[in-house]
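Residues per chain, in single letters:
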Amino acid sequence: MNQKEPSILVLKLGSQPNVGKLPPKVLQQNPTTEVRRMKNKSISQHISGNGPHQQVNYYRQPNKRIIYDSTHCLNTQINRSSSNRMKKIHSVSSHINESFNQHLDDHTRNNIVYNEIASSSELDKGKRLFTENKVEEALRNFLNYQNKYGLHPEALYISGLCYMTLDQEEKYIEQFSALIKTFPKFKRTSYMYLALSLKKNNLINEAIHVISQGINHFNRYFEALIFRAKLFLKIKNYEKAIKDFQSAIQVNPNKSICYVGLSDCYKQTNQVQPAIEELNKALEFEELSKQKQILLKRFTIYLDNKEFEKAKQDMNLLLEICPNDSEVYYFKGILMQKQKRLQDALLAFEQSIKVNSEKKPVTKALYEIVKIKIEQNDFYSAQHELDRATYLDVDNTQLQKFELFVGGAIYLMKRKFEDGVQFLTEMITKNHQSDNLKFQAHQYRAYGYFCMSKFNLAKQDLELYQENLLEKASLYNKFLCYGIIKYEDNELEQSKREFSLAHKMLPNKMEPLFYQAIIQIKKYCTCQQSSEENRLKYLKDALNLLEAASKICEQSNLLFYKGILHFAFGNLEKSALDLEQAIEKSEDNQAQHYYVRGLLHCQQQLFKQAVNDFTICLSLDQNHSESYLNRCKLLTMMGEVGTAYLDLQKYVELREQYSINYQTVGILYFLIGAYDEAIQAFSNCRTLEGYYEKVKVLIYGKELNSALNELTIIIEEMHNQEAVIDYQVLTILRESSLQISTKILEDSINSITSIQKMQQEGLIFRSSDIYFYKGLFYTYLGQYSKAKQCLSFSYDLKEKEIKQSINDQLINQNNLEDFDFTNKTYNIYEHLYNCAILDVLLGNMDEAFETLTLLLEHLSQIEFRVQLQILVDLLRDDLLDTPPGEQFSQIQEFQLFPQHNRLCSIYPAIQLQLKKYSFQIRMSFCLPIVEFPSQPIVFDEQLLLKISPKVVENKPEAPWIKRSNEGVIFTDNIQCVDELDLQSTVRQEDNEEKQQQITEHQEENEITKLKEKLKLDDQIAKKLNSILQQNEK
């Protein structure tokens, strides 16, 4: 007869690839034995995070957590916008109480769960899921919980947070409404969340009602009082707003926001003196450096009431606090206007624009300047202020050639060089007479060609006339032009001589210094045979020249290349400042600017900003391969492997095959998870490093035969000793995993002993790994003492090796404290577990219990704790003189940590024969971790090689500026008469600075317009969207 065999209970815990890292826990016990010393040392160093192995692994996606706290309850950004929010919120707010009361009465009013019950584990599970950012799973857990047990405050509260995270506004309003109605005193932030949502949807009265409930239930709720006061102020209920601000003062009299709010209320009700008094109180509770807005409020009250002396006192105090603030200078100009001091007002507005600290006040200041000019009937200056000399008022019908000349000159002044050259070429072609106007047109056109980097054409125009006939500006440009042409012909000394002549002619111009700096950079890049000291001297000289040039004029490209040199020398803060100013001052968005700033952000570990910069660079230049590569590295580091894979593919596609760094590409493919592509890339390396990286990938994929073949190639072709060691150890593991016998084990131990005698190790199998596998073989031979000794040696060596790998900055570094069970020999938890198994086999039950207790204390995962507790209970029961327990007797195999697809799974289990029980157990281990060389994003030397006069913004001397010892002479206007006299009337200014200021205003107006289009002063993301929209158009 077939009799059904009794079922055998096998306690296993499956592979968990997503198990996270254990939180730290500090031991409270004093070590008394050597085992405890080692374990406490390990735990305190590894679990508490205070050890030397605390290192950020940038190539692992971080565990994102959503943390809500009452201190953040006023942050209106906690809820994301929803397109259908306004359509739904009114119906929700009007019916929420009715629907909830009906639901409560019908279903759950009698089933409220508020005390600790056996279901607390379900709550804990939901909270754990929520903290692990598994919001939807957490939400389902809490909804199931409430359906099963009834309403619970924590379940309602965190469910509301889940809905908030998922942007389901109706739902989280319902949850928080239910919470505050059923458990009104559970958590005060519930009222704030609900009120904020109502306020966002302009349901002010409903928001006031909700926050009032919170104030009633939670005495001295400061933030709620301030929030309700602002709501009352918004609906112009000043009496109630004043009352709430006063109540807030009673709660916390040291907060300036209360007094500022009271002042706003009094000001709206025309109570000037109380408003000023409240601002005076507010000033007492703010540091001097933070008093700007309060002082501006008091200043505007004085100004509105024409108390100019008091307003002046506040302005002086503001200037002392904020000496470089555009808004302060703007209000100073307003004060001057009120006092009818227009020249002083103009100076203040101009100073506001010069400081240029904020966009809004600078715009207002420019507006006021134009208004004053119009009031003064100075329309020409007003036109310059608004248009920056976009055109001149000429009679086109009578003076066509002058229209072309003036139009060309205006385009050049606006830096529209192609249009300007086109107008001037047309004028020269149509004007066959060699007159003074044509002579000027050639000089103007040469200026335009120069700015377009067409130096040979500029040279042809300037060579038409003798040097003594050329204007000083054109002669200066000629020296620059010759110097650049000599530079391109690699005649560096002759080029330097031309630039020196230009500098002597106009020492206040920065361009000659700029070009001389480029010569020094080229010497640094080309003089590879020189010593490093001499080469660095060239680079240092170049930086000094750029520093001197920047003191004359902070031009965009000058700042950009100065930032590159600071970057090269490691001066990151100075480099960042230069790059920011270069981007702000640039008239056009330059892809290279954002690429370099992206590199710099990587050095500053501002990875999100770096990704944004590389993205903007690629929007401006879709073939910028280095941006694809560096963005791939960052996205890989941030866990966005899908986009990273596409970036890497695009990089390989754009680069020529000979210029691809296949080792870097292979490592990135491996980190992304594209193992076949990684193997192919390493195959293209044809170097020892490339072959070895290929072996690592094969070992990671458990393709041991292929790995052995590759190691054979390395040994035969490159005679590498480390490869010999790795080959031997890998062969031992393969053979011992196929068949366990005494002879195989003894031979394996003898082979490992021979390796250890040579004091050598492989690049993959380190000394710690070799000791561990030796201990494993001793275990199967039954020599447990030797096995335990080997495990102890292995652990000590592993700690030293990890320190060294941190110093080497390797990717995918081994960390003993990591609670993961992928490709690594073992972690600290497995080490303790293996030691405990050996202690049991040796009969050292006290040490075994001590080790297992220590392990149990530091396992935070409930599944592992339960499983380990079963083993501890079984061992304790085995020591008792009692009959075998039925539960323990059914266990024939015990498994604690995951073993799927790990080396330990293919080795046989060990029969653990105890006094009353007998079951099988396996030690927990795997192949060594795969480590790769770090792939940092560093300074790109190619940036220096690409510097030349053609890649910089060429800015020669403008020919409309005529210099003399007394100042600047410029053309006022040109008259058309019968006998044409081109000797234009001139006007001499008091100094050169005024004309430079006019030209700068012209340029700044163009930049301001461009920045307004591109939103250069907004966040990078907005700027990127604007650029993409322009590309689509």
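This is a predicted model, so every value here is computed, not measured.

1. Re the overall build of the protein
Here comes step 1: Counting its regular elements, the protein contains 47 helices and nine strands.
Here comes step 2: Counting every position in the protein, which comprises 1033 residues, the buried fraction comes to 51%.
Here comes step 3: In the protein, 62% of the contacts between residues at least 6 apart in sequence involve partners at least 24 apart.
Here comes step 4: Surface exposure of the protein reaches about 51,100 Å², of which carbon and sulfur atoms provide 46%.

2. Examining the pattern of salt bridges
Here comes step 1: Following the criterion strictly, the structure yields 42 salt bridges and no others.
Here comes step 2: Lys537 is the salt-bridge partner of Asp541, the closest N and O atoms lying 3.2 Å from each other. You can see Asp541 and its partner Lys537 sitting in helix α26 (residues 532-552), four residues apart, about one turn around the helix.
Here comes step 3: For Lys694, the salt bridge is made with Glu710, and the minimal N-O distance between the two is 3.2 Å. Of this pair, Lys694 sits in helix α35 (residues 688-700) while Glu710 is found in helix α36 (residues 704-718), placing the two residues 16 residues apart along the sequence.

3. What about the environment of Glu941?
Here comes step 1: The topology assignment puts Glu941 in the loop between β6 (932-933) and α45 (942-945).
Here comes step 2: Classification of Glu941 as partly exposed rests on a relative accessible area of 41%.
Here comes step 3: It is 9.8 Å that separates the C-alpha atoms of Glu941 and Ile564, two residues lying 377 residues apart in sequence.

4. Points about the nonpolar core
Here comes step 1: Core analysis: the largest hydrophobic core is formed by 167 residues, its most contacted members being Tyr773, Phe777 and Leu944.
Here comes step 2: At ten residues, the largest contribution of residues to this core is made by helix α41 (residues 828-842).
Here comes step 3: Non-local contacts of Tyr773, meaning those with residues more than four positions away in its chain, are made with Val729, Leu733, Ile752, Phe765, Thr825, Leu903, Phe925, Cys926, Leu927 and Pro928.
Here comes step 4: Membership of the second largest hydrophobic core comes to 93 residues, among which are Val135, Tyr157, Ala241 and Leu296.

5. Considerations on helix α38 (residues 742-757)
Here comes step 1: Given a rise of 1.5 Å per residue, 16 residues ought to cover 22 Å, and the 22 Å separating the end C-alpha atoms of α38 matches this to within 8%.
Here comes step 2: Buried residues of α38: Leu745, Ser748, Ile749, Ile752, Ile755 and Gln756, and no others. The buried side chains of α38 occupy one side of the element, clustering within an arc of 120° when seen end-on. Among the exposed residues of α38, those oriented more than 90 degrees off its buried face are Lys743 and Lys757.
Here comes step 3: Tucked into the core, α38 has its buried residues touching α37 (721-738) and α39 (767-781).
Here comes step 4: Once α38 finishes, Gln759 follows within two positions and takes phi at roughly 55°, a positive value.

6. Notes on α37
Here comes step 1: With 18 residues, α37 should cover 26 Å at 1.5 Å per step; its first-to-last C-alpha distance of 26 Å lies within 8% of that length.
Here comes step 2: When we look at burial in α37, the residues that qualify are Ala723, Ile725, Asp726, Val729, Leu730, Thr731, Ile732, Leu733, Ser736 and Ser737.
Here comes step 3: Elements that come into contact with the buried residues of α37 comprise α35, α36, α38 and α39.
Here comes step 4: Sitting at the head of α37, Asn720 places a side-chain oxygen 3.1 Å from the backbone nitrogen of Glu722.

7. Things to note about the confidence of the model for the protein
Here comes step 1: Looking at the protein as a whole, its pLDDT mean stands at 76, while 74% of the residues score no less than 70.
Here comes step 2: Least confident of the elements in the protein is strand β1 (residues 9-11), whose mean pLDDT is 33; most confident is helix α30 (residues 607-620), at 93.
Here comes step 3: Contacts for the low-pLDDT stretch residues 387-400, under 50 throughout, to residues beyond four places or in other chains number 28 contacts.
Here comes step 4: Within the model, the stretch residues 969-992 combines pLDDT values under 50 with 37 contacts to residues more than four positions away or in other chains.

8. Some remarks on the packing of helix α11 (residues 256-268) against helix α13 (residues 292-304)
Here comes step 1: Between α11 and α13, the shortest axis-to-axis distance is 11 Å and the interhelical angle comes to 20°. With respect to α13, the axis of α11 lies roughly parallel. In this structure, α11 crosses over α13, and the sense of that crossing is left-handed. Contacts between α11 and α13 involve Ser256, Val260, Ser263, Asp264 and Lys267 from the first element and Ile294, Lys297, Thr300, Ile301 and Asp304 from the second.
Here comes step 2: In terms of residue class, the contact of α11 with α13 is made up of three nonpolar, three polar and four charged.

9. Side note on unusual backbone geometry
Here comes step 1: For Asp167, which is not glycine, the phi dihedral falls at a positive 65°.
Here comes step 2: Note that Asp167 resides in the loop between α5 (153-165) and α6 (169-182).
Here comes step 3: When its relative accessible area of 18% is taken as the criterion, Asp167 is described as buried.
Here comes step 4: For Asn270, which is not glycine, the phi torsion reads 60° and is therefore positive.
Here comes step 5: Relative to the elements of secondary structure, Asn270 occurs in the loop between α11 and α12 (272-284).
Here comes step 6: By relative accessible area, which is 67% here, Asn270 ends up exposed.

10. Remarks on the UniProt feature "repeat: TPR" (unreviewed entry) in the protein
Here comes step 1: When the UniProt feature table is mapped to this numbering, "repeat: TPR" (unreviewed entry) covers residues 222-255 and 326-359.
Here comes step 2: As annotated, residues 222-255 comprises 79% helix and 0% strand, and the C-alpha atoms at either end are separated by 10 Å.
Here comes step 3: Note that residues 326-359 is 82% helix and 0% strand, and that its end C-alpha atoms are spaced 8 Å apart.

11. A short note on the packing of aromatic side chains
Here comes step 1: Tallying each qualifying case throughout the model produces 34 aromatic pairs.
Here comes step 2: Both rings, one in Phe499 and one in Tyr515, keep their centres 5.2 Å apart while their planes meet at 20°; by these two values the pair is stacked. Separated by 16 residues along the polypeptide, Phe499 in helix α24 (residues 492-505) and Tyr515 in helix α25 (residues 511-526) bring together distant segments of the chain. Of the two residues, Phe499 and Tyr515, neither departs from the other in class, the shared state being buried.
Here comes step 3: Consider the rings of Tyr833 and Phe897, whose centres lie 5.6 Å apart with planes at 80°: the pair is edge-to-face. Separated by 64 residues along the polypeptide, Tyr833 in helix α41 and Phe897 in the loop between β3 (891-894) and β4 (910-913) bring together distant segments of the chain. In terms of burial, Tyr833 and Phe897 fall into one category: buried.
Here comes step 4: Site record: aromatic cluster; members linked through ring pairs are Phe765, Phe772, Tyr773, Tyr780, Tyr826, Tyr907 and Phe925.
Here comes step 5: Taking the ring centre of Tyr524 as reference, the NZ or CZ of Arg535 above it sits at 4.2 Å.
Here comes step 6: Sitting over the face of the ring of Tyr826, Lys798 holds its NZ or CZ atom 5.7 Å from the ring centroid.

12. Section: the pairing of β4
Here comes step 1: Side-chain alternation along β4 places Ile910 and Leu912 on a buried face and Gln911 and Gln913 on a face that remains uncovered.
Here comes step 2: Relative to strand β5 (residues 918-921), β4 runs antiparallel, the two sharing four bridges. The partner of Ile910 across the bridge, within β5, is Ile921.
Here comes step 3: Connecting β4 to the antiparallel partner β5 that follows it, the hairpin turn spans four residues.

13. Structural notes on the environment of Tyr700
Here comes step 1: Note that Tyr700 resides in helix α35.
Here comes step 2: Tyr700 sits in the partly exposed class, given a relative accessible area of 27%.
Here comes step 3: Taking the C-alpha atoms as reference points, Tyr700 and Val930, separated by 230 residues in sequence, lie 6.7 Å from one another.
Here comes step 4: The contacts of Tyr700, once residues within four sequence positions are left out, are Phe670, Tyr675, Asn823 and Val930.

The rules behind the values
- Residues numbered from 1 in each chain as written.
- Predicted model: local features only at pLDDT ≥ 70, side-chain atom pairs only at ≥ 80, totals over all residues.
- Heavy atoms only, no water.
- Helix = DSSP H or I, 4+ residues; strand = E, 2+ residues; numbered from the N terminus.
- Buried < 20%, exposed > 50% of the residue type's maximum accessible area, 1.4 Å probe, protein only.
- Contact = heavy atoms within 4.5 Å.
- Areas by Shrake-Rupley, 256 points an atom, 1.4 Å probe, with all protein chains shown as cover.
- Salt bridge = Lys/Arg side-chain N within 4 Å of Asp/Glu carboxyl O.
- Core = buried A, V, L, I, M, F, W, Y, C linked by side-chain atoms within 4.5 Å.
- Expected span 1.5 Å × (residues − 1).
- Arc of directions from axis to C-beta.
- Polar contact = N/O pair within 3.5 Å; in protein donor to acceptor, adjacent residues only side chain to side chain.
- pLDDT = per-residue confidence, 0-100.
- Axes fitted to C-alpha atoms, helices over the stretch in contact; angles between N-to-C directions.
- Parallel < 35°, antiparallel > 145°, perpendicular 65-115°, else oblique.
- Left-handed = near helix turned anticlockwise from the far one by under 90°.
- Nonpolar A, V, L, I, M, F, W, Y, C, P; charged D, E, K, R; others polar.
- UniProt positions renumbered as here; feature names shortened; annotations may be inferred.
- Phe/Tyr/Trp six-rings, centres within 6.5 Å; stacked < 30°, edge-to-face > 60°.
- Lys NZ or Arg CZ within 6 Å of the ring centre and 35° of its normal.
- Pairing = 2+ DSSP bridges.

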